[in-house]
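Observations on the three-dimensional arrangement
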Amino acid sequence: MLETLKKVFGFEKFLPHQETIIRKIMDGNDVFVVLPTGGGKSLCYQLPAKILSGTVVVISPLISLMKDQVDAARENGISASYLNSSLCREEKEEVYFNFRKGDLELLYIAPERFAMEHFLEELKTVPVSLFAVDEAHCISEWGHDFRPDYLSLKDITAYFPDIPLAAFTATATLKVQNDIIKKIGLRKPFVVRASFNRQNLFYQVKRKEQVSGQILDFISEHENESGIVYRTTRDSVIKLADFLSSRGVRAVPYHAGMSLEDRKRNQETFNRDETDIIVATIAFGMGIDKSNVRFVVHADLPKNIEGYYQETGRAGRDGEPAQCLLFFGRGDIPRLRYFIEKITGEQEHKVAEEKLYSVVRYASHNVCRRRQLLDYFGEEYPDENCGACDICTDIAEKTDITIDAQIVMSAMVRTGQRFGIRYIIDIICGAGTKRIRDLHHDTIKTYGAGKDRDKYFWHFVVDELLAQEIIYQDGDKYPVLKLTGKGTALLKGEEKLFALKRDARKKKAPSREKDGFAPGDEKLFERLRAHRKLLAEDHNIPPFIIFSDRSLNEMCRYYPVTLPDMKNINGVGDTKLEQYGRQFIDEIKAYLEENPDVRPKPVPEEQSFFPDTALKQKRKKGETIQKTRELFSKGLSLKQIAKERGLAMTTISGHFERMILNGEDIDVDRLVDPGKQDKIKNHFLTLNTLKLTPVVERSGGTISYVEAKIVRALLEKK
Ligand code: ADP
Ligand code: MG
């Protein structure tokens with residue numbers, strides 16, 4: 001298993017739970033898995049696909065998701081296909097043909113196919129090693145993404161009593177979990193429920209002022225990073241996207257009122273790093289497998305913590321640090337209340353209100369954000385300080401409320417800890433109510449001690465004390481306030497108490513450098529990122545499928561310049577090494593030569609599995625564009641240069657591309673036949689694209705990628 005992990009996926013270690021899950025599957029057990037987003041669920045069925053004989057069949061809800069997953073699997077050298085309504089008849093037949101022949105390791109299938117009896121009968125004739133249901137919560141009406149198509153999966157175990165079945169999801173309360181297990185018919189499954197904690201996410205709340213400007217500031221500090229900005233209304237989505245675009249930010253909108261086509265296009269653009277920012281309503285949701293989302297900003301208060309957790313969960317799937325920023329202004333509360341007021345059922349109304357209250361609490365109290373989120377899902381966070389939220393890192397500005405807290409607690413104690421919130425606040429504010437007079441509470445020392453502040457302030461203090469567990473509410477119907485152990489200590493004046501400053505500007509979040517994960521070298525990172533982008537265009541796949549941000553970051557930390565070193569980079573398996581390794585090495589080498597002060601570090605971990613032949617390929621120094629330029633001026637053709645230097649043609653054509661874009665005077669006619677140049681130019685113009693694939697495809701094999709790339713550079717330069 002470890003060998004496959006390294007060879008195929010390029011990873012050194014399993015992520016938590018992966019190994020256990022895979023073992024159980026390989027032993028023929030059913031499994032049920034709740035792993036948070038980015039927890040590496042796909043690998044749990046893709047790795048067995050590589051090892052087990054027979055095909056692993058994956059059921060997945062979205063066509064777009066299937067395509068990306070298949071592309072990603074293929075990039076790792078897994079033989080993978082999918083069957084869904086987007087394929088034409090011939091394509092489907094081809095997939096079936098390979099499937100029956102036993103040539104497929106991995107096959108993605110849309111759920112609705114399982115409703116067809118002839119399909120199930122047909123499946124019986126093919127050796128299937130495992131059924132894996134991804135996004136399994138879609139089968140539950142209690143979940144938040146119910147899809148009726150998923151109900152067709154209920155027959156699988158009846159038809160295939162001997163084939164293990166595995167279900168995966170990122171969100172399931174216990175209720176949803178049991179529902180899924182029952183509906184899919186899992187047989188005594190091995191259950192894994194992982195922690196909801198997403199360690200690499202940094203949570204922060206800022207006061208909402210001029211939110212568009214604040215977002216622009218934030219984005220400017222995160223140049224060239226991918227991010228999602230959520231807004232509540234369609235109108236505000238469009239306005240913000242326009243505003244950002246007008247300030248030179250690459251941003252596109254996404255909301256349910258747009259045509260399907262526009263939505264698809266904008267999502268695709270985002271996936272391919274052709275835009276940095278997508279401004280969206282929460283309609284932009286499932287099906288985003290993009291791993292290099294570096295931040296998720298909420299410009300408005302979300303309705304509930306579930307939603308907030310899910311939306312922020314889309315950041316940092318690759319495990320690299322990512323930011324979750326919420327802009328919170330009390331002005332958002334009435335808007336949400338307005339919708340809650342429209343809910344008719346009494347119980348639902350109450351639940352919605354309670355949920356809103358949880359979000360407000362999350363945003364306004366001096367309590368670790370991570371602790372609060374986990375607490376919401378019934379999980380206790382063990383550490384005192386999480387080190388990755390604005391509260392625990394002290395970037396949120398705080399104010400000392402020790403004295404105010406003591407006033408509240410003193411009022412509680414002097415009345416025997418027998419009264420509720422409203423009564424205690426009445427005493428503090430010195431209210432002249434009959435009840436207070438009857439009980440003679442107008443004579444205690446704290447009566448009126450806080451009358452220079454209004455009731456709202458005292459509610460805030462009480463809330464804060466509740467949130468920080470200084471006091472608690474005891475009793476169901478008429479809860480009374482009581483001190484906890486922490487409260488007793490505070491009352492004695494042994495400790496100080498802080499709340500979030502409510503109207504202060506907050507300090508900046510720590511930059512990525514400080515947290516130890518940052519790319520070793522920003523300049524190189526940008527260069528590799530640009531290279532990845534070009535490759536992705538050429539291969540017509542999203543950039544993060546070529547290499548994740550994490551892989552690029554490691555390259556910038558260790559500067560691998562040999563194939564064995566490159567192989568030790570996280571996420572570089574055999575297939576990717578062969579396909580892209582050399583090109584990235586060339587980029588790094590060129591960079592190192594331009595920056596002689598930078599010293600490569602050894603890549604940690606042993607070199608392993610490496611074929612001798614490749615080790616022997618020693619490479620000369622001085623391999624830069626300069627060298628290509630020299631050889632070209634000596635009369636060598638592009639092909640000859642590639643051969644002479646032992647580099648890929650695409651790498652050399654990349655050198656020429658850069659020279660052309662730099663405005664160097666190059667005899668392009670020697671690279672591409674002049675007659676052909678015009679033909680290629682016309683293709684680009686009529687197809688109205690700068691992508692290589694459509695042009696190459698249109699030529700029916702008469703134009704190569706290399707030629708197209710050179711001509712594109714000419715056009716771009718123009
Ligand atoms: P999920 O479906 O659980 O949200 P994915 O399967 O999309 O997560 O995986 C998230 C990211 O983690 C991907 O970029 C994947 O390549 C990476 N990953 C998976 N397993 C490992 C591992 N063992 N080591 C390092 N990265 C991994
Ligand atoms: Mg997944």
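From a predicted model like this one, the values you see are computed outputs, not experimental measurements.

Cut-offs applied
- Residues numbered from 1 in each chain as written.
- Chains lettered and ligands numbered in written order.
- Predicted model: local features only at pLDDT ≥ 70, side-chain atom pairs only at ≥ 80, totals over all residues.
- Heavy atoms only, no water.
- Helix = DSSP H or I, 4+ residues; strand = E, 2+ residues; numbered from the N terminus.
- Rg over C-alpha atoms; globule rule 2.2 N^0.38 Å.
- Buried < 20%, exposed > 50% of the residue type's maximum accessible area, 1.4 Å probe, protein only.
- Contact = heavy atoms within 4.5 Å.
- Areas by Shrake-Rupley, 256 points an atom, 1.4 Å probe, with all protein chains shown as cover.
- Lys, Arg positive; Asp, Glu negative; His and termini not counted.
- Charge placed at Lys NZ, Arg CZ, Asp CG, Glu CD.
- Near = heavy atom within 4 Å.
- Polar contact = N/O pair within 3.5 Å; in protein donor to acceptor, adjacent residues only side chain to side chain.
- Nonpolar A, V, L, I, M, F, W, Y, C, P; charged D, E, K, R; others polar.
- Core = buried A, V, L, I, M, F, W, Y, C linked by side-chain atoms within 4.5 Å.
- Domains from an automatic or database assignment.
- Pairing = 2+ DSSP bridges.
- Axes fitted to C-alpha atoms, helices over the stretch in contact; angles between N-to-C directions.
- Phe/Tyr/Trp six-rings, centres within 6.5 Å; stacked < 30°, edge-to-face > 60°.
- Parallel < 35°, antiparallel > 145°, perpendicular 65-115°, else oblique.
- Left-handed = near helix turned anticlockwise from the far one by under 90°.

On to the overall build of the chain. When helices and strands are tallied, the chain shows 32 helices and 17 strands. In terms of overall size, the chain behaves like a compact globule, its C-alpha atoms giving a radius of gyration of 30 Å where 718 residues would be expected to give roughly 27 Å. Judged by the C-alpha coordinates and their principal axes, the chain covers about 105 × 65 × 50 Å. Relative to its full complement of 718 residues, the chain shows a buried share of 54%. A separation threshold of at least 6 residues defines the contact pool for the chain, and within that pool the share at least 24 residues apart is 71%. Carbon together with sulfur atoms contributes 50% to the accessible area of the chain, which is approximately 33,400 Å² in total. Both charge centroids of the chain, one from 110 positive and one from 107 negative side chains, sit 2 Å from each other.

Moving on: the site of ligand 1. Near ligand 1 there are 15 residues, and of these Lys13, Gly38, Lys41, Ser42 and Arg317 occur at the shortest range. Measuring from a nitrogen atom of ligand 1, one finds a side-chain N or O atom of Gln18 at 3.0 Å. Ser42 is positioned with one of its side-chain polar atoms (N or O) 2.6 Å from an oxygen atom of ligand 1. Contact with the protein chains covers 83% of the free accessible surface of ligand 1, which is 570 Å². The dominant element in the shell around ligand 1, judged by the number of residues it contributes, is helix 3 (residues 41-51), at three residues. When its residues are assigned to classes, the shell around ligand 1 shows five nonpolar, seven polar and three charged.

Now for the nonpolar core. Ranked by internal contacts, the top residues of the largest apolar core, which has 69 residues, are Ile21, Tyr45, Phe99, Leu106, Phe114, Phe131 and Phe168. Membership of the second largest hydrophobic core comes to 46 residues, among which are Phe202, Phe270, Ile340 and Leu374.

Another point: the side chain of Asp273. As for its position among the elements, Asp273 is in the loop between helix 11 (260-271) and strand 11 (277-280). Exposure remark for Asp273: the relative accessible area of 4% places this residue in the buried category. When residues no more than four places from it in sequence are discounted, the contact partners of Asp273 are Ser226, Arg250, Lys290, Asn292, Arg529, Arg532, Lys533 and Pro543.

Turning our eyes to something else, we now look at the domain arrangement of the chain. One can read the domain layout of the chain as domain 1 (2-193), domain 2 (201-376), domain 3 (405-500), domain 4 (518-617) and domain 5 (619-718). With centres defined by C-alpha atoms, the gap from domain 1 to domain 3 works out at 55 Å.

For strand 15 (residues 471-474) and strand 16 (residues 480-483), the ladder comprises four bridges, and the chain directions are antiparallel. Residue pairing for strand 16: Gln473 is matched across the bridge by Leu481. Following strand 15, the chain reverses through five residues before pairing antiparallel with strand 16; Gly475 in that reversal takes a positive phi of roughly 100°.

This part covers unusual backbone geometry. With a phi angle near 50°, Glu135 is a residue other than glycine that sits in the positive phi range. Within the element layout of this structure, Glu135 appears in the loop between strand 5 (128-133) and helix 7 (156-159). With phi around 45°, Tyr559 is a residue other than glycine that occupies positive phi space. Topologically, Tyr559 is positioned in the loop between helix 23 (549-558) and helix 24 (563-567).

Taking strand neighbours across the sheet as the criterion, the six strands line up as 8-13-12-9-11-10 in an open arrangement whose pairing is parallel. Looking at which strands have only one partner, the edges of the open sheet turn out to be strand 8 (201-207) and strand 10 (251-254). On average, each strand axis in the sheet is tilted by 20° relative to the strand beside it, whichever way the strands run. Pairing of strand 12 (residues 293-298) with strand 13 (residues 322-328) involves four bridges; the strand directions are parallel. Bridging from a neighbouring strand, His298 pairs with Leu326 of strand 13.

As a further point, take the packing of aromatic side chains. Both the distance between ring centres and the angle between the ring planes are used here to describe each pair of aromatic rings. Under the criterion given, the structure shown has 18 aromatic pairs. Taken together, a centroid distance of 6.3 Å and an interplanar angle of 80° make the contact between Phe114 and Phe131 edge-to-face. Placement of the pair is Phe114 in the loop between strand 4 (106-109) and helix 6 (117-124) and Phe131 in strand 5, with a sequence separation of 17 residues. Take Phe114 and Phe131: they sit in the same class, and that class is buried.

For an α-helix, the turn length of 3.6 residues means that residues three or four places apart are oriented alike. Burial of helix 23 is extensive: eight of the 10 residues sit out of reach of the surface. When we look at burial in helix 23, the residues that qualify are Asp549, Ser551, Leu552, Asn553, Glu554, Met555, Cys556 and Tyr558. One or two residues past the end of helix 23 sits Tyr559, with phi positive at roughly 45°.

This part covers the packing of helix 28 (residues 638-645) against helix 29 (residues 649-661). Relative to each other, helix 28 and helix 29 sit at 120°, their axes nearing to 9 Å. In terms of orientation, helix 28 lies oblique with respect to helix 29. As for the relative orientation of helix 28 and helix 29, their crossing is right-handed in sense. Every residue of helix 29 that contacts helix 28 at Leu638, Lys639, Ile641, Ala642 and Arg645 is listed here: Met649, Ile652, Ser653, His655 and Phe656.

The next point concerns the side chain of Asp179. Mapped onto the secondary structure, Asp179 falls in helix 8 (residues 174-184). Sequence-distant contacts of Asp179, that is, excluding residues within four places in its chain, are made with Ser140, Glu141 and Trp142.

Following both chains from N to C, one finds helix 14 (residues 346-364) and helix 15 (residues 369-376) inclined at 160°, their axes separated by 9 Å at the closest point. As far as their axial angle goes, helix 15 and helix 14 are roughly antiparallel. Where helix 14 crosses over helix 15, the handedness of that crossing is right-handed. Contact residues: helix 14 offers Lys355, Ser358, Arg361, Tyr362, Ala363 and Ser364, while helix 15 offers Arg369, Gln372, Leu373 and Tyr376.

Our focus in this paragraph is the environment of Arg294. Within the fold, Arg294 resides in strand 12. We classify Arg294 as buried; its relative accessible area is 3%. Taking the C-alpha atoms as reference points, Arg294 and Glu320, separated by 26 residues in sequence, lie 8.2 Å from one another. Within polar-contact distance, the side chain of Arg294 engages the backbone oxygen of Pro321 at 3.1 Å.

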